[in-house]
Structures are given as structure tokens and as C-alpha cells.
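# Inside the fold
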Amino acid sequence: MGVNTEDSSPTGRHGARRPRVEIRSGRRQLLVDGRPFLVLGAELHNSSGSSPAALRAGLDRTVELNANTALVPVTWELLEPTEGEFDFELVDLLLTEGRDRGLRVIPLWFASWKNGRSSYAPAWVKRDADRFERVRVDADLAIDDLTPFSPANRAADAAAFRALMRRIATRDPDAAVVPMVQVENEVGLLGASRDRSASALAAFAGEVPRELLSRLEDGAELPVAHAWREHGARASGTWEEVFGSGARTDEAFMAWGYATAVQHIAAAGRRENDVPLFANAWLDGDDVVTADSLTGGREPGIYPSGGPVLTVAEVWRTFAPALDLLSPDIYVGDVDRICAAWSAVNYGGLLIPEMRRDDAGAALAFLALGAHGALGVSPFGIDSGPADDTAAFRDAYLLLRAVAPALTRAATDDMAGFVLHRADDEAEIAIGGQRFTARTTRASADPSVSPGGYGLVVRTEDDAYLAVGRGFSLEPLPRDGRRSGILSVDELLPSPDGLRPGRRLNGDETLAGSAWMHPARGHAAPGRLPIATEGQNSGITACRLYAF
């Protein structure tokens, strides 16, 4: 009945095998010391890595969240305050403090671009606009953003990133602490669809790279593909000759510029320390950005033009091969659709480095891991606010860490994940040939009150399933012309050694054997009769079915 937890802490055994992203069980997974590792992450606030006290406090909150990985900004301005002179004190502290707490650490390189801006460039870069060329949103207006088309800009960033990666390799030679690194943060241009600096104008008037045209000839799905065909499917020419003018041409051009620059930076670092690298994306969307929006915008420039979003993902895959993954930051929107699309972009790999830290974010984690086989998830800003804000994630990570080995072993068609809420409180899921109806459980005597439900189900062997989550019931549906019944339901308890046996659940806890119940977190599930109902379990159960 028990599922043993593999040793995934930095204090465990580590050989010479480098971390890598590789296909296992039909999807791309992060391998650490040769074994799949599920990133249950926690991203600290942007400035939390800038002082020893804030860093330690953030890592302590990461441990309290039951996360196994801390995502922490490392900034160019503090790493290289004087050109060519590096200060590694905070980097060394991050590695030491992470290791001491049994955490993995994913450094986030905040350098030339962070959320479409260059605020993390060091002072010696900011003050020298002649050497380090800025973006121009039109001929007369420069903004304080580094253009990706300047060789001097990308060379300076690459030198700093190379130094960072060399230091990590020296202090963490077996990659026991740092399994992967993020390069830049939400790259792209805000305020215009295209850069009009001198370097950018020269590049725009130059030839479209042959590699991009080859991808279009091979049928790559890009918004500029239609324009390319309308302009005669040319095999060469300038950007306007090949695609015409317009925002989508501008976006493809900027994607080539940013991807090429990030490739230069990433490749320089990877030569020093060969661990997986990824870039994250500020998503485009259907809603025009307002003052309180976290994502969205229909037009490039409203969302960062040229960033690694779905519309230009093929450009990034072509010109930034040093990146293993392109990763969405998901706060709002149709998360099921977003996860599916980004998994496809990465050929079966999904990593969400930023997401909400509330109950809705915890629910998204179950959907991403169960329905889309994500290799990792991470709520943002976990080191501020009251602890109650992250209570759902603390519970979710406690459960998910206990079942991580089962998740990483399972094939994609042997898993399912779901989110239920008041507007959509029922869903049908399928695992192999077996279907289930998932429904929300009551959390109050008031039928209008429901915290929703979320969970995932894994088939561990024929007719045996592991369920994880809160606030749902599962009813097995007929299969192959025969009814499916519940043979047994056993509660499993998280422990440092994996899972240990709990109660055999039956009677009221299974609706007389008709459903497989997971009550909502922190709530009883009262019935309609004045009879006491035991409305809690551990959140992890094993069920066996039979046919009749």
C-alpha cells in the first residue's frame, strides 16, 4: 500500500550525472541525478535575494510552504556593481542556505530584461547610453531599455551570466542544489511593437534569417505565415519585403532579436555549467491590459512584443536552442487551455515558474500536474502577507511531495487532473479505459457556499488508483458494458518516508460504497440529516475497483 519517497533533497546521494530535461513516461521531465524530479517550487519576491536577512526569511517561508525548491532572483546590478568585478556573497549565501534547508534552488537571472524593462542592469551600464544602446519606440523617443540588437549589450550580459554560472559550478559541482536556471525574466518590448534604435533599424532593413524562412517552408505555425504566403513565399528579402508591415511582422522581428540575444547569453553560461535553462513569458491574452491587470493584451507592445509567447514560440525554438523550455507565467485566463498549448510548444514539457499563491493557484497546480504532466509549478511572492494566504499551497505541497514518485513514474494517459468550482461543479475524467464523474463536495450547510474542489488521479496498476486533493467525490462509471464498483478505499498518510497506511474508508465516508470521497480542506461535509458526519481525510487515498 505504501509508496516510498525517493531521496530528492540536496543532502542525498549525487553522482556525476548532470541535470537534464528528457522524455520519461511520455513527457519531458527534469532529471536530477538520473531520476525524475518534480519541482514543487516557491518564488520569492523580486528584492528578497538582495540582503542576507531577506533571503534567509524567504527560504524559511519556502520550507514552511512544504516546497522542495526555491526560485530566487539573482540580479546583475548586485553581481557586477563595477564592470569586471563580481560580488558573489549573496550567490554563495543562497547556495549554502538552500542546501542547509534541504532545498533545491533555481536562480532567476534578472539582468538586461525583467518584465520588459532593464531596471536590473548595473549603474555602469545605465550611465553609458553611447556604449549600451537603448530601445527607441520612435525616432525621437528613447526609453531606458537595452536593445537586444546591440552586440555590446548582449556581450556584457553574457559575460556576467557566464561568471554567475561558473561560480555556481564551483560551489555546486554535482548540481546537488541548482538543477536549472532561468535566463532573464518576461523578456519583450512594452510601449511599441518594434524597436527603432539604430541597430534595430539596420537589422530590420537586413535579410530575414534563412533559418526562419526554412521553418515557414516546413509549415511552422506563425502569425506571419499568412503574410509570407501573401507576399509570394519569398526565399529571401528584408522583413517588410517578406512579410509586409504591421504589428505581427514587428513581433516576429523582435522575437528573433530577443531570442538571438538570449541565446548568446544562455550559451555563454551553459558552457560554464551545463544545467537546463528556461525563459519565462508574460502572456498575451484576450483582454486589454488595465491598471490592475496581471497579464493580457491583444497587441504586441501591450504585452511584451517579441517575448516567448505562443505566437512566436517557433521563432524562439529556432534561435534560442540553448533553452530547454519556454515557460508561461499563469495568473488568469483559461488555465487548462494555456497549459495544453504550452505543453505542446515544449513537445510535452510544462513548467509554470509563476502563478497565484492562493486557493485558485493551488487548484491550478493539481490541474497542471495531473492533466498536463507538468514537471513543476511555483506560486509567486510566497514570502509576504499572512500565512493564511498560502494555506492551500502548504496543504497541496504536503500531499504532492508524498506522491511525487508515483506522479513522475505515471504515463500521461494514466493520470488526470481537474478543478471544480461553483459554475462548473462536475467533470468527467478518463484514465485509460476507466471514466469517473468528479463532483464538488459540500463544505457548508448553506448550498451556496463551496470552496470548489481540485485533485488528480493516477492509475498505479490495473483497477488500482491513487487520488490526491480536496473537495471532490469520484464516482466510477461503467466500462466495457459492465458496471464499475468500489472494492476498497484506503486512506494514506504523508510521512517523511513516503506514505503510510491510514484508515479503511467505507460507509458514510464512501456514501455507502458508491463514491470515493475527498472532503474540502478545513470543512466538514454535512449531509441533509441531523447526523454527525466525519468530514475529513488525509487528502490521499488508494482505491481499487471491480466490475460486475
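Residues numbered from 1 in each chain as written. Predicted model: local features only at pLDDT ≥ 70, side-chain atom pairs only at ≥ 80, totals over all residues. Heavy atoms only, no water.

## Observations concerning the nonpolar core
Core analysis: the largest hydrophobic core is formed by 132 residues, its most contacted members being Trp76, Trp109, Phe243, Trp316 and Leu323. In terms of residue count, helix α10 (residues 247–270) provides more of this core than any other element does, 13 residues in total. The next biggest cluster of nonpolar side chains, apart from the first, holds 18 residues, and it includes Phe436, Val457, Tyr465 and Val489. (Core = buried A, V, L, I, M, F, W, Y, C linked by side-chain atoms within 4.5 Å. Buried < 20%, exposed > 50% of the residue type's maximum accessible area, 1.4 Å probe, protein only. Helix = DSSP H or I, 4+ residues; strand = E, 2+ residues; numbered from the N terminus.)

## Considerations on unusual backbone geometry
A positive phi is found at alanine 175, a non-glycine position, where the angle reads about 55°. Following the sequence through the fold, alanine 175 ends up in the loop between α5 (151–171) and β9 (181–185). Non-glycine residue tyrosine 347 carries a positive phi angle of around 55°. Within the secondary structure layout, tyrosine 347 lies in the loop between α12 (335–345) and β12 (351–352). Here tyrosine 347 falls in the exposed class, since its relative accessible area comes to 51%.

## A look at the packing of helix α1 (residues 52–64) against helix α3 (residues 89–100)
Axis separation between α1 and α3 bottoms out at 11 Å; the angle between their running directions is 25°. As the angle between them shows, α1 and α3 are arranged roughly parallel. Helix-helix and strand crossings are classified by hand; for α1 and α3 the assignment is right-handed. Taken together, the residues of α3 that come into contact with α1 (itself represented by Pro52, Leu55, Arg56 and Leu59) are Leu90, Leu93, Leu94, Glu97 and Gly98. Looking at the contact of α1 with α3 residue by residue, the class counts come to 6 nonpolar, 1 polar and 2 charged. (Axes fitted to C-alpha atoms, helices over the stretch in contact; angles between N-to-C directions. Parallel < 35°, antiparallel > 145°, perpendicular 65-115°, else oblique. Left-handed = near helix turned anticlockwise from the far one by under 90°. Contact = heavy atoms within 4.5 Å. Nonpolar A, V, L, I, M, F, W, Y, C, P; charged D, E, K, R; others polar.)

## Comments concerning the packing of α12 against helix α13 (residues 359–372)
Here α12 crosses α13 at 45°, and the two axes come no closer than 10 Å. In terms of axis orientation, α12 runs oblique to α13. As for how α12 packs across α13, the hand of that crossing is right-handed. Note on element contacts: α13 touches α12 through Leu364, Leu367, Ala368 and His372, opposite Val335, Asp336, Cys339, Ala340 and Ser343. Taken together, the residues of the contact of α12 with α13 break down into 6 nonpolar, 2 polar and 1 charged.

## Some remarks on the sheet that holds strand β2 (residues 27–32)
Strand order in the open sheet formed by 3 strands is β1-β2-β3, and the pairing between neighbours is antiparallel. The open sheet terminates on both sides in strands that have one partner only, identified here as β1 (20–24) and β3 (35–36). Of the strand pairs in this sheet, β2 and β3 are connected by 2 bridges, and their pairing is antiparallel. By the bridge assignment for β3, valine 32 is matched with arginine 35. (Pairing = 2+ DSSP bridges.)

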